[in-house]
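# Inside the fold
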Amino acid sequence: MFIADREQAFSQNVPERKSIEPLWLNALRRKILGRISNIHQPASKPDIFMFSSPRSGSTLVLEIMASEPGMKTIDEPLSINDPVKRRELGVSSWEDATILQDRELKYGRYFSKLIRNELTEFNSTFFQKDGRFLTNRNFFKIIHGGEDMLRWFEEEFDALILILIRHPISVSLSHHKLPRLPYLLDSRCALFRHLTKQQMNFSKQLFEEGDIFELAILDWYLQNYLLTRKDIPESWTRISYEEIVLNPQSTFRYLRECLKLDALNDYDAHLKKPSKTVVHSDTGYRTSTAIESGSAESRKFLVERWKKKVSNEQKTRTFQILQEFGINYYSEDSVLPAPEFRVADVI
C-alpha cells in the first residue's frame, strides 16, 4: 500500500543508528572489532560492483555472493543512513548526496579506502553469520547513487560491472520512500543532465502533477534508464530479478561465467530463505511463505503478485510513462524482460 502523501514520500529524515552507547563509542567499537575481524589481501580476480535501485532484489544477490569463497560484501556504501558514510562522503542530507559535486574525486577516495580495508567499521565481525576473517575479493552492492558512472567505476577500479533490474511496478509498490526524487530532477544533478530537454520537461511536469504511484514509477525510471539501455558495453553483466527467481540455475551459471566466480552452488538455499529486507506484514508473511516453499507455483507468485495490486489504468499509465522515455526493457504484456534482454530461458 502506498504512503498517504508526498510529504511522507519525500521525507529527508536520516535515521540515526539506534544504540544504547554514544555514536562515537559505537563507531570506535565497530572500527576496532572490524580491524581484527577481517584481513583483506586482493587476489587476481577483479572486484564486482553491482548497481541497482532499492527493492529490486539486491539484498538477495548480496547474500548469495557472500557465499563465494574469499568474497567480502559491502552493503550500500552510498546510502547516507550511516554516519560513517556521511562523514566519508562529506554529506549530511539526501540533497547533498544526490547533487554531490566532484563525485569522481570523492568516490575515488572513498572507494579506494573501502578496497584497501581502511574503513574497518563496515567489516562484519567474526561472530556474525556473514563474517569472514580472510578475504581476497570485494562485492559492492550500490544503490542510491552512481547510476551514470558505471564506466568510471569499471575503469577506475579495474572492476566487473553487474546490473540488477526489477519490474518497475513491483519495485514501486514496495518502495515507499522517495527521498532522492526531488533532487534527481535538479539541474545540478549529473544524472538528470543525461535526459533530453523533452524528457526533462515531462519529468518535471509529472513530478508536479502526478500521484504517488506515478511518482514512484518516475523514481524507478530516473534510477534505471541508463541501466536498461540496449547498448550497454559487452563487458557489463545484466540480469533481472525475475530471471533469478524463475530460472536460478541458468541465471547463476551465467553469472559464474561473466563474473569469474567459483561457487554460487548454494543459491537455491538462499532463494528459499527470505532476505533480511522482506517486510513482515500480512503481504510480507505470504511472501516469506512463498520463498520458503520454492515451488514453481510459488516462484511464479513472487514475480506476478503485483498484478493484483494495481488497476489496469495504473498498469497502462506505467508504460505510457516509460514510452515517453524510450524504455522497452519491460513491456505491458509480460512480467519478464523483453526477450532480447533475457539471459536465461524462463519457464
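The coordinates are above.
Attention in this report is confined to the structure presented alongside it. Bear in mind the structure is a predicted one, so any value in this text is a computation, not a measurement.

Before going further, it helps to examine the overall build of the chain. Along the chain, the regular secondary structure elements total 17 helices and 7 strands. The 347 residues of the chain split such that 57% are buried. Long-range pairs, those at least 24 residues apart, make up 76% of the contacts in the chain between residues at least 6 apart in sequence. Accessible area for the chain stands at about 16,600 Å²; split by element, carbon and sulfur atoms hold 49% of it.

What follows is about the environment of S58. Counting through the fold element by element, S58 comes out in helix α3 (residues 58-65). S58 sits 108 residues away from R166 along the chain, and the two C-alpha atoms are 9.6 Å apart. Contacts of S58, omitting those with residues within four sequence positions, involve M50, S52, K141, I143 and L164.

The 5 strands are arranged β3-β5-β2-β6-β7 in an open sheet whose pairing can be described as parallel. The open sheet terminates on both sides in strands that have one partner only, identified here as β3 (71-75) and β7 (237-240). Across this sheet, the average inter-strand angle for adjacent strands is 20°, counted without regard to direction. Pairing of strand β2 (residues 48-51) with strand β5 (residues 137-142) involves 4 bridges; the strand directions are parallel.

Another point: the side chain of S240. Its place among the elements puts S240 in strand β7. In terms of polar contacts, S240 uses its side chain to reach the side chain of E243, at 2.8 Å. In contact with S240, not counting residues within four places along its chain, are L164, I165, Y329, Y330 and P337.

The next thing to look at is the packing of aromatic side chains. Evaluated as defined, the whole model comprises 20 aromatic pairs. Look at F111 and F140: their rings are 5.5 Å apart centre to centre, the planes differ by 70°, and that puts the pair in the edge-to-face class. Pair noted here: F111 is in helix α6 (residues 103-115) and F140 is in strand β5, with a separation of 29 residues, a long-range link. The pair formed by F111 and F140 is uniform in burial state, with each residue classed as buried.

Bringing the nonpolar core into the picture now. Core analysis: the largest hydrophobic core is formed by 79 residues, its most contacted members being F49, Y107, F111, F153, L181, L218 and Y221. Take this core: its biggest share by element is 8 residues, from helix α11 (residues 212-224). Leaving out residues up to four positions away in the same chain, L218 has contacts with L181, L185, S203, L206, F207 and F325. Counting residues in each nonpolar core, the second largest holds 18 residues, with V61, M71, L160 and L261 among its members.

Our focus in this paragraph is the pairing of β3. Most of β3 is tucked away, with 4 of its 5 residues classed as buried. Inspection of the sheet shows β3 paired to β5 by 5 bridges, in the parallel sense. Of the residues in β5, the one forming a bridge with I74 is F140.

This paragraph deals with the packing of helix α10 (residues 197-209) against helix α17 (residues 312-324). When two helices pack together, you describe them by how their axes are tilted relative to each other and by the distance separating the axes. Remark: α10 packs on α17, axes separated minimally by 10 Å, with the N-to-C direction vectors making an angle of 150°. By the angle between their directions, the pair α10 and α17 is classed as roughly antiparallel. Across the interface between the two elements, Q198, Q199, F202 and L206 from α10 touch R317, I321 and E324 from α17.

Positioned with a positive phi, R55 is a non-glycine residue whose angle comes to about 65°. For R55, the position within the fold is in the loop between β2 and α3.

Below, the discussion takes up the environment of L184. Assignment of secondary structure puts L184 in helix α9 (residues 181-184). Residues in contact with L184, not counting those within four places in the same chain, are T98, C189, L191, F192, D219, L222 and Q223.

By the definition in use, this model includes 13 salt bridges. The partner of R188 in a salt bridge is E95, and the shortest N-O contact between them spans 3.4 Å. Here R188 is found in the loop between α9 and α10, whereas its partner E95 is found in helix α5 (residues 94-98), with 93 residues between them in sequence. Looking at E95, the relative accessible area reads 28%, which means it is partly exposed. Here D231 ties to R229 by a salt bridge, and the two come within 2.9 Å at their closest N and O atoms.

Glancing now at the pairing of β5. In terms of burial, β5 is largely enclosed, as 6 of its 6 residues are buried. On β5, burial covers both faces: R137, F139 and K141 on one face and N138, F140 and I142 on the other are all buried.

Let's shift gears to α11. For α11, which comprises 13 residues, the first-to-last C-alpha distance of 18 Å matches the rise-based estimate of 18 Å (1.5 Å per residue) to within 8%. The buried fraction of α11 amounts to 13 of the 13 residues, a majority that puts the element mostly inside the structure. Put simply, D211 is the residue that caps the front of α11, since its side-chain oxygen is 3.2 Å from the backbone nitrogen of F213.

Rules behind the numbers
Residues numbered from 1 in each chain as written. Predicted model: local features only at pLDDT ≥ 70, side-chain atom pairs only at ≥ 80, totals over all residues. Heavy atoms only, no water. Helix = DSSP H or I, 4+ residues; strand = E, 2+ residues; numbered from the N terminus. Buried < 20%, exposed > 50% of the residue type's maximum accessible area, 1.4 Å probe, protein only. Contact = heavy atoms within 4.5 Å. Areas by Shrake-Rupley, 256 points an atom, 1.4 Å probe, with all protein chains shown as cover. Pairing = 2+ DSSP bridges. Axes fitted to C-alpha atoms, helices over the stretch in contact; angles between N-to-C directions. Polar contact = N/O pair within 3.5 Å; in protein donor to acceptor, adjacent residues only side chain to side chain. Phe/Tyr/Trp six-rings, centres within 6.5 Å; stacked < 30°, edge-to-face > 60°. Core = buried A, V, L, I, M, F, W, Y, C linked by side-chain atoms within 4.5 Å. Parallel < 35°, antiparallel > 145°, perpendicular 65-115°, else oblique. Salt bridge = Lys/Arg side-chain N within 4 Å of Asp/Glu carboxyl O. Expected span 1.5 Å × (residues − 1).

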